[in-house]
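Spelled out from the first residue to the last, the chains are:
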Amino acid sequence: MLYSKMLAVILVLLTIPLVTSAWAEAEETPTILATVNKAVSAVLFFDIAFGAVQQNQVDREGMPIYDEMGNPVKRVIPVPFLVMLLILGGIFFTFWYRWINIRGLKHSIDVIRGKYDKPEDTGEISHFRALTSALSATVGLGNIAGVAIAIQLGGPGAVFWMMFAAVFGMSEKFCTCVLSQMHRRVNADGSISGGAMYYVDLGLKQMGGSWKPIGKVLGVMYALMIMCGAIGGGNMFQANQTAEAFRSTFGISESFNWLIGIIMAVLVGIVIIGGIKRIGAATSKIVPAMCGIYVVASLFIILTNITKVPETIGLIFTMAFADNAFYGGIVGVFVWGIRRASFSNEAGLGSAAIAHAAAKTDEPVREGIIGMIGPFIDTIIVCTMTALVVIITGAWINPSIPQNAGVALTTAAFGSAIGWFPYILTISIGLFAYSTMIAWCYYGERGWVYLLDHFGGVGLKSVIVFRIIFVGFIILGAVNTLTDVLDFSDLLILSMAFPNIVGSIILAPRVLVKVQDYWGRYKSGEMRRLD
């Protein structure tokens, strides 16, 4: 009886605000989440500079803008608390773990190739499938649309700061994946549950004293965030953008968005019913293929415009430090780069650690070595390809493309060089969105399992309920504009950094002991290698 009541409450809390806001937006009436978004922003995204960073406003041509009194119009360039937490956290972990993101790079390639795989180890999937499952949630619309938006709003210099954030983000992801392996749980059916909600809860509980309730609060906070973020950003946004891409590229009527949503819901449902094993099997094929197609097309454009590459790279570096008022000066460019990098590779958010918790290994540090490659592939390789194409083709300064039109900008950039490629890109968008949805369903359901296990251990038994909810929201996402819903999910996804980074810093000394032990055995040649 208690389980039924609590389950009903959670379902209502989870679905009513999102559903009512989605329909309210479709009818252009005020939404519930608009107020929630404002409140969340005020708490976790407050300006740590308190309005001290200001710039004179200029137009695209660099001409100053004046008010009716003839005075220069100024704008405040906010420095959001969470954005600074993300980058400072990455810098801290990089130094704390002695630059593991650099010295462990070669070793990670060997692990990915299966040189250290042991089938008898506890877990559900291989190192490689854990990596592709995590990448399927990060390599997607963030690379296609997010990079373009960063360049539009922060200029080419934002790309430099994206790369900067990715290097330090590798250390953040390393830490979270180690912790996820250290504090994962093996369920009664042999499946694995892990992620930030588990390691901040169980890890701080082991420390005893007042850390125990703090860990519980952080764990519950994270689980709620990732559940709602999965349904919004990892589901509805993906379906919405896929429907929009197919409609605009192939000239499909908006009335067919229902059909697109239903088709995607069925395809996602087929995979997620099988859990992480089937997700890993699917993503191990989809992710390499779609990344390959995208990178090959990008390289074609880059190589055919090879004479423009030095100028483009120079523009990225010089505008990263130029006091260009149109893009908010150095601070504005920095903030946009860090923010979009976080949405692109999810370093510091802890979500990928959920997939890596299921990997077959008895060495937590080894999985961290694998996990840290995610930001390298996602941002330093794939995002760089997008950025070079957008800048080389000149699409980023095309006045006919509106602000925040990320997918449209990238499509226009590719289309200007390869006339037929927008059709391939649209199909790729569908694949990117599909792989992202199946990965984020797994992330969200682990949050569900964690929460409902507090009520008689029924999390795993009721996980099918979350999957049904998730699939249903795909259709809803395909047919509505969902502005506030997407803002809400974006806020929650980025807000996941708070409980994750705070908990990871507290537990960092324990992780360092594991790292030093593992690295010592690796360098001494004690570890068995399969050649």
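You'll find the structure just up there.
Residues numbered from 1 in each chain as written. Predicted model: local features only at pLDDT ≥ 70, side-chain atom pairs only at ≥ 80, totals over all residues. Heavy atoms only, no water.

Engineer: Honestly, the packing of aromatic side chains in this entry has me stumped. Any pointers?
Structural biologist: Within this structure, the stated rule accounts for 23 aromatic pairs. Centroid distance Phe92 to Trp96: 5.6 Å. Interplanar angle 20°. Geometry classified as stacked. Pair noted here: Phe92 and Trp96 are both in helix H3 (residues 81-96), with a separation of four residues, about one helical turn. A ring pair is formed by Phe160 and Trp161, whose centres lie 4.9 Å apart and whose planes are at 85°; its orientation type is edge-to-face. In this structure Phe160 comes out as buried when scored by relative accessible area, which is 18%. On the basis of relative accessible area, Trp161 is assigned to the buried category, the value being 10%. Taken together, Phe95, Trp99, Phe160, Trp161, Phe164, Phe168, Phe317, Phe321 and Phe334 form an aromatic cluster joined through their ring pairs. Positioned over the ring face of Trp519 is Arg103, at 5.0 Å from the centre of the ring. (Phe/Tyr/Trp six-rings, centres within 6.5 Å; stacked < 30°, edge-to-face > 60°. Helix = DSSP H or I, 4+ residues; strand = E, 2+ residues; numbered from the N terminus. Buried < 20%, exposed > 50% of the residue type's maximum accessible area, 1.4 Å probe, protein only. Lys NZ or Arg CZ within 6 Å of the ring centre and 35° of its normal.)

Engineer: Help me out: how do you make sense of the side chain of Ser351 in this one?
Structural biologist: Tracing the backbone through its elements, the reader meets Ser351 in the loop between helix H14 (329-345) and helix H15 (352-356). Under the relative-accessibility criterion, Ser351 is labelled buried at 0%. When sequence neighbours within four positions are dropped, the list of residues in contact with Ser351 reads Tyr222, Ile226, Glu346, Trp440, Tyr443 and Met496. (Contact = heavy atoms within 4.5 Å.)

Engineer: I tried to follow empty space enclosed by the protein on my own but got confused; where do I start?
Structural biologist: Empty space left among the atoms is revealed by rolling a probe the size of a water molecule over them. Throughout the structure, instances matching the rule amount to one cavity of 30 Å³ or more. The space that makes up the largest cavity amounts to roughly 70 Å³. Forming the boundary of the largest cavity are Leu86, Ile87, Gly90, Ala165, Phe168, Gly169, Glu172, Ile338, Ala341, Ser342, Asn345 and Ala347. Of all the secondary structure elements, the ones that give two or more residues to the lining of the largest cavity are H3, helix H8 (157-182) and H14. Here the lining of the largest cavity is composed, by residue class, of seven nonpolar, four polar and one charged. (1 Å grid on protein atoms, 1.4 Å probe; cavity = no way out; pocket = protein on both sides within 12 Å on 5 of 7 lines; lining within 4 Å. Points joined across faces, edges and corners; volume = space filled by probe spheres on them. Nonpolar A, V, L, I, M, F, W, Y, C, P; charged D, E, K, R; others polar.)

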